[in-house]
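# Summary of structural features
As a plain string of letters, each chain reads:
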Amino acid sequence: MSDMMNTQAKGGFDFDDDDPLGATSVSKKSLVIFFMIDTSASMKGKKMGELNTVMEELIPEIRRVGEADTDVKIAVLTFSTDVKWMYSAPVSIEEFEWTRLNASGVTSMGAAFSEISSRMSRNGFLNSPSLSFAPVIFLMTDGYPSDDYKKGLKELQSNSWYKFGLKAALGIGNEANDDMLAEFTGSPETVVHAYTGGQLAQMIKIVAVTASQIGSKSMTLSDEPTKELNAEDVFAAKQKLLGQQIQELVTQDDGSDVSFDTGW
């Protein structure tokens, strides 16, 4: 991480719906962090209670993420039988307040993919006039989708903001399918799993903070400061770095998984 993060700073990307690589010369940069959260009935009880608690604790930590010239915003999409946004538009991290969630219904993940794709545009939630970093998208679920998630994911994968966004996923409990989550992120290295309340808190904080830090950093891919960079390469480097950092942080020095003594 140190070599890449210490390279010369460069401006973020200003994504248009038709041209995701266009850039404008403005000083303020915008980063939207999307949380996609499963609120189906299987999350009811301790899982949802612990998720609510850790998200309340997480917001102050994210406020410290990013640089002074980065405008960080939060958007929360919940999915069960229905798909709902916590707020009607992304909220500045300085003003964001967590609304505790309840669990019921089935797992309409495909519908959630379609919904976030429809809002991830200049005409939707990414309409900041400032120079924009690609968004961070963090999916959390404890089970397998009850609808056609592949159809929704295919729609999402055609979205330019998704293509260049940093993607991570957290499987919660025994029923979550990590292979399916890797389809969403594009890499098993950016998928983590929690089997206990302690792990849930640890994994959410590790993934959210790490992804936010990397997402809000400008970076080059070369020691040659004047080399023209390819935006696809910058994205690939950031996604790879996210996977590396997540795996390093969730594994102890001796290579064993972080252990906790409280389960569901």
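The residue count restarts for each chain, going from 1 along the sequence in the order it is written. Restriction of local features to residues with pLDDT of at least 70 applies here, the model being predicted, together with a cutoff of 80 or more for giving and counting side-chain atom pairs; totals for whole chains, interfaces and linings are based on all residues. To get the side-chain values, all heavy atoms of the structure are used, and hydrogens and water are removed first.

### Let's talk about the overall build of the chain
For clarity, the threshold we go by: Strands here mean DSSP runs of E at least two residues long; helices mean DSSP runs of H or I at least four residues long; both are numbered from the N terminus. Throughout, a residue-residue contact means that at least one pair of heavy atoms, one from each residue, lies within 4.5 Å.
Within the chain, the secondary structure is distributed over eight helices and eight strands. A separation threshold of at least 6 residues defines the contact pool for the chain, and within that pool the share at least 24 residues apart is 77%.

### Focus: the environment of Met 43
Heads up, the rule is: Throughout, exposure labels follow a simple rule: accessible area from a 1.4 Å probe, protein chains only, divided by the maximum for the residue type, with under 20% read as buried, over 50% as exposed, and the rest as partly exposed.
Along the polypeptide, Met 43 turns up in the loop between strand 1 (29–38) and helix 2 (46–63). Note on Met 43: relative accessible area 0%, which makes it buried.

### Observations regarding the nonpolar core
Grouped burial of nonpolar side chains is what soluble globular proteins tend to show. What counts is decided by this rule: Think of a nonpolar core as a cluster: buried Ala, Val, Leu, Ile, Met, Phe, Trp, Tyr and Cys residues, connected wherever their side-chain atoms sit within 4.5 Å.
Phe 35, Leu 51, Met 140, Leu 170 and Ile 204 are the most contacted members of the largest nonpolar core, which totals 46 residues. If you list the elements that add at least two residues to this core, you get strand 1, helix 2, strand 2 (70–79), strand 6 (136–141), strand 7 (166–172), strand 8 (191–194), helix 7 (197–215) and helix 8 (231–250). Ranked by the residues each element gives to this core, the list is headed by helix 7, at nine residues. Residues Val 32, Phe 125, Leu 153 and Trp 161 belong to the second largest nonpolar core, which totals 27 residues.

### Side note on the packing of helix 3 (residues 109–119) against helix 4 (residues 149–157)
The criterion, for reference: Axis geometry follows a simple rule: fit a line to the C-alpha atoms, using only the stretch in contact for helices, then measure angles between N-to-C directions, giving values from 0 to 180 degrees. Orientation labels follow simple angle bins: below 35 degrees gives roughly parallel, above 145 gives roughly antiparallel, 65 to 115 gives roughly perpendicular, and whatever is left gives oblique. Take the far helix as the reference: if the near one is turned anticlockwise from it by less than a right angle, the crossing is left-handed, and if turned clockwise, right-handed.
Direction vectors running N to C along helix 3 and helix 4 enclose 15°, while the axes themselves pass 7 Å from each other. Taken together, helix 3 and helix 4 sit at an angle that is classed as roughly parallel. Relative to helix 4, the crossing made by helix 3 is left-handed. Between helix 3 and helix 4, the contacting residues are Gly 110, Phe 113, Ser 114, Ile 116 and Ser 117 on the first element and Tyr 149, Gly 152, Leu 153, Glu 155 and Leu 156 on the second.

### Here we look at the pattern of salt bridges
Just so we agree on the cut-off: In the sections that follow, a salt bridge refers to a side-chain nitrogen of Lys or Arg positioned within 4 Å of a carboxyl oxygen of Asp or Glu.
Applying the stated criterion across every chain yields a total of six salt bridges. The partner of Glu 115 in a salt bridge is Arg 119, and the shortest N-O contact between them spans 3.3 Å. With Glu 115 and Arg 119 both in helix 3 and four residues apart, the pair spans about one turn of that helix. Residue classification places Arg 119 among the partly exposed residues on the basis of a relative accessible area of 28%. Look at the salt bridges and you will find they share partners, linking Glu 57, Glu 61 and Lys 205 into a network.

### Notes on the pairing of strand 8
Threshold: Pairs of strands are assigned from DSSP output, requiring at least two bridges between the strands. With strands facing away from the observer, any crossover in which the path from the first strand over the helix to the second runs clockwise is taken as right-handed.
The alternating pattern of strand 8 places Val 191 and His 193 and Val 192 and Ala 194 on opposite faces, both of which are buried. In this structure, strand 7 lies alongside strand 8, joined through four bridges in parallel fashion. Across the sheet, the residue bridging to Leu 170 is Val 192, located in strand 8. Assessed by its sense of winding, the connection that carries the chain from strand 7 through helix 6 (residues 178–185) to strand 8 is right-handed.

### What to know about the environment of Lys 150
This is how the line gets drawn: Here a polar contact is taken to be a pair of N or O atoms separated by no more than 3.5 Å, where protein atoms must pair a possible hydrogen donor with a possible acceptor and residues adjacent in sequence count only if both atoms sit in side chains.
Within the secondary structure, Lys 150 is located in helix 4. Judged by relative accessible area, which is 47%, Lys 150 ranks as partly exposed. For the pair Lys 150 and Met 109, spaced 41 residues apart in sequence, the C-alpha separation works out to 9.3 Å. A distance of 3.4 Å separates a polar atom in the side chain of Lys 150 from a polar atom in the side chain of Tyr 149. A distance of 3.0 Å separates a polar atom in the side chain of Lys 150 from a polar atom in the side chain of Glu 183.

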